[in-house]
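# Coordinate inspection notes
For reference, the chains in residue letters:
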Amino acid sequence: MDQTATACKGPVARRSRHLAMSAIKEMSIRCAQVPGAASLAWGLPSFRTPEPIRAAVTTALKEDAKIGMYALPGGLPNLCAAAARAHQRRTAIKVDASTRVMISAGNMEGLQTLFHAIVDPGDEVIVTDPGFVSHISQIEFNGGVPVFWKMDEAGGWDLDVGALPGLIGPRTKAIVLVNPSNPTGAILSERALRCAASVARDNGLLIVIDDPYSHFTYDNRGRFFDLAADPEFADHIAYLFTFSKAYAMSGWRVGYMVVPEWLRAEAVKIHDLTMICTPRISQVAALTALETEPVHLAEFERILDRRRSLICERLDRLPHVFRYVPPQGAYYVFPRIVAAHENAVQFAHDLLDRARVAVTPGSAFGPSGEDHVRLAYCVEDDVIDLAFDRMEAHFGT
Ligand SMILES: Cc1ncc(COP(=O)(O)O)c(C=O)c1O
């Protein structure tokens, strides 16, 4: 990626100097300086952490004498066991909690840990293009080279399986998948996922599944294929689940990963070096999340589905500005900009400066994201309406 180097006033390492702030955060920081701006830039759900989780933490604070203490780096044993049971419920695949599960401080930390563990300088990791912006930066930060796998926009942003073998070389270590996708909102097809996983396995690659969004598939649940549940690929998969979105726990910083045994041993060392442990209080919250019937999920999905319809209706009224593939899952839509513009960054900056609407420039998500923007519809309905009222006023209807 073209990373804007920060001005160097001290002994800053090259890898840090060349690291740009994530475009999502950069837009959110800019947006915070524009009073009353309507933001569709950040995928931060409007929901509150469900009450049983908050109540359990309140009790633990009162009654658990160890609540403020370190835990062992791999995670609280009862949480690892609960995560292994959750994984089995989800995939029908049984894993040993003590050798295969690690509790992370969310998928960002989990992924950074995994890339640390598998990427030597010059190694390559295949990412979808467009794909999640931080994967790209994390690979680069670890001295690796992200290899962009262009998605098929005309085919509804599915994987272009035919192109995959040509991207694999002697330095390729892994492939990263997010399904449903951030930023496109696409649900990847079973056929494409199986083909991609076969190619990855046959070439000895680790298949990294970053999973914040699989609970949000709306009327497309029947089309969602859980690659982590396919026993054929189980030994080749690093599966990372985060509580951030499905449990509205983004600020708790907690997730779990189910990985091959060799990788867990490496990951725990690195996680210890970075964190020592995921905060114990967040682990208690996660344990409650896994042990409580997730009745909130239907409500979250119902509200997000309503917002999905709303944003599509509003996009339909701006065909001279955006052309889009209807989103199927997660809570993003990734329209192409058809209005006159210089590039996606300029478009996003102008929109914020002139219309007080924040969006994320698509170019941050990979070269194929140029001339697109990402809109997150996890915010309140009013914010979606305000953003589109302003865009209609700005561009005309
Ligand atoms: C694809 C993807 N991975 C990881 C994350 C971050 O997850 P966490 O909060 O668990 O670090 C996000 C957040 O938006 C995401 O969209």
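Note that this is a predicted model, so its numbers are computed, not measured.

## A short note on the overall build of the protein chain
- Helix and strand counts for the protein chain come out as 14 helices and 14 strands.
- Relative to a compact globule of 397 residues, whose C-alpha radius of gyration would be 21 Å, the protein chain shows 21 Å and is just as compact.
- Seen through its C-alpha atoms, the protein chain measures out along the principal axes to roughly 60 × 55 × 55 Å.
- Looking at the protein chain as a whole, 45% of its 397 residues qualify as buried.
- Restricting to contacts in the protein chain with at least 6 residues of sequence separation, those with at least 24 account for 72%.

## Structural notes on the site of the ligand
- Surveying the vicinity of the ligand reveals 13 residues, the closest of which are Gly106, Asn107, Met108, Thr242 and Ser244.
- Partitioning the shell around the ligand into residue classes produces four nonpolar, eight polar and one charged.

## A look at the sheet that holds strand 7 (residues 237-242)
- Across the sheet, which stays open at both edges, the seven strands sit in the order 2-8-7-6-5-3-4 with mixed pairing between neighbours. Of all the strands in the sheet, the pair left with one neighbour each is strand 2 (101-104) and strand 4 (145-150). Along the sheet, successive strands turn relative to each other by an average axial angle of 25°, direction set aside.
- One ladder, built from four bridges, connects strand 2 with strand 8 (residues 255-258); its direction is antiparallel. The residue of strand 8 that forms the bridge with Ile103 is Tyr256.

## Focus: helix 4 (residues 77-91)
- With 15 residues, helix 4 ought to run about 21 Å at 1.5 Å a step, and its terminal C-alpha atoms sit 21 Å apart, in line with that.
- Considered for burial, the residues of helix 4 that qualify are Leu79, Cys80, Ala82, Ala83, Ala84 and His87.
- A positive backbone phi angle near 65° is found at Ala92, which sits one or two residues after helix 4.

## Some remarks on the pairing of strand 14 (residues 373-376)
- Alternating positions in strand 14 separate into two faces, Val373 and Leu375 on one and Arg374 and Ala376 on the other, with burial throughout.
- Strand direction decides the pairing type here: strand 10 (residues 332-333) and strand 14, joined by two bridges, are antiparallel. Each residue of the ladder has a partner; that of Val333, found in strand 14, is Leu375.

## Structural notes on the nonpolar core
- Core analysis: the biggest nonpolar cluster contains 114 residues, and Ile207 and Val208 have the highest contact counts within it.
- In terms of residues, this core owes the most to one element, helix 6 (residues 107-118), which gives six residues.
- When residues are assigned to domains, this core turns out to be shared by domain 1 (14-49 + 296-395) and domain 2 (69-291), each giving three or more.

## Quick look at unusual backbone geometry
- Of note, the amide linkage connecting Asp129 to Pro130 takes the cis form, showing an omega dihedral of 5°.
- Within the fold, Pro130 resides in the loop between strand 3 (124-129) and helix 7 (133-141).
- In the segment running from Asn182 into Pro183, the intervening peptide bond is cis, with an omega of 25°.
- Relative to the elements of secondary structure, Pro183 occurs in the loop between strand 5 (172-177) and helix 8 (190-202).

## What to know about the packing of helix 6 against helix 7
- Direction vectors running N to C along helix 6 and helix 7 enclose 35°, while the axes themselves pass 9 Å from each other. In the crossing of helix 6 with helix 7, the sense of the turn from one axis to the other is right-handed. Contacts between helix 6 and helix 7 involve Met108, Leu111, Gln112 and Phe115 from the former and Ser134, His135, Gln138 and Ile139 from the latter.
- In terms of residue class, the contact of helix 6 with helix 7 is made up of four nonpolar, four polar and no charged.

## Observations regarding the sheet that holds strand 10
- One open sheet holds the three strands; their spatial order is 10-14-13, and the pairing between them is antiparallel. Here the strands that pair on one side only, and so sit at the sheet edges, are strand 10 and strand 13 (360-361).

## Some remarks on the domain arrangement of the protein chain
- Splitting the protein chain by domain gives domain 1 (14-49 + 296-395) and domain 2 (69-291).
- If you average the C-alpha positions of domain 1 and of domain 2, the two centres end up 24 Å apart.
- Facing the 33 residues of domain 1 at the interface are 35 residues of domain 2.
- Elements that contribute at least two residues to the side of domain 1 that touches domain 2 include exactly helix 2 (23-32), helix 12 (296-316) and strand 10.
- Examining the composition of the side of domain 1 that touches domain 2, we find that five residues originate from one element, helix 12, more than from any other.

## Describing the packing of helix 4 against helix 11 (residues 280-291)
- Running from N to C, helix 4 and helix 11 cross one another at 35°; their axes reach a closest spacing of 10 Å. Here helix 4 runs over helix 11; the crossing is left-handed. Along the contact surface, helix 4 presents Asn78, Leu79, Ala82, Ala83 and Ala86, while helix 11 presents Gln283, Ala286, Leu287, Leu290 and Glu291.
- Among the residues forming the contact of helix 4 with helix 11, the class breakdown is seven nonpolar, two polar and one charged.

Conventions and cut-offs
Residues numbered from 1 in each chain as written. Predicted model: local features only at pLDDT ≥ 70, side-chain atom pairs only at ≥ 80, totals over all residues. Helix = DSSP H or I, 4+ residues; strand = E, 2+ residues; numbered from the N terminus. Rg over C-alpha atoms; globule rule 2.2 N^0.38 Å. Buried ≥ 20, exposed ≤ 12 C-beta atoms within 10 Å, placed from the backbone. Contact = placed C-beta atoms within 7 Å. Near = placed C-beta within 6 Å. Nonpolar A, V, L, I, M, F, W, Y, C, P; charged D, E, K, R; others polar. Pairing = 2+ DSSP bridges. Axes fitted to C-alpha atoms, helices over the stretch in contact; angles between N-to-C directions. Expected span 1.5 Å × (residues − 1). Core = buried A, V, L, I, M, F, W, Y, C linked by C-beta atoms within 7 Å. Domains from an automatic or database assignment. Left-handed = near helix turned anticlockwise from the far one by under 90°.

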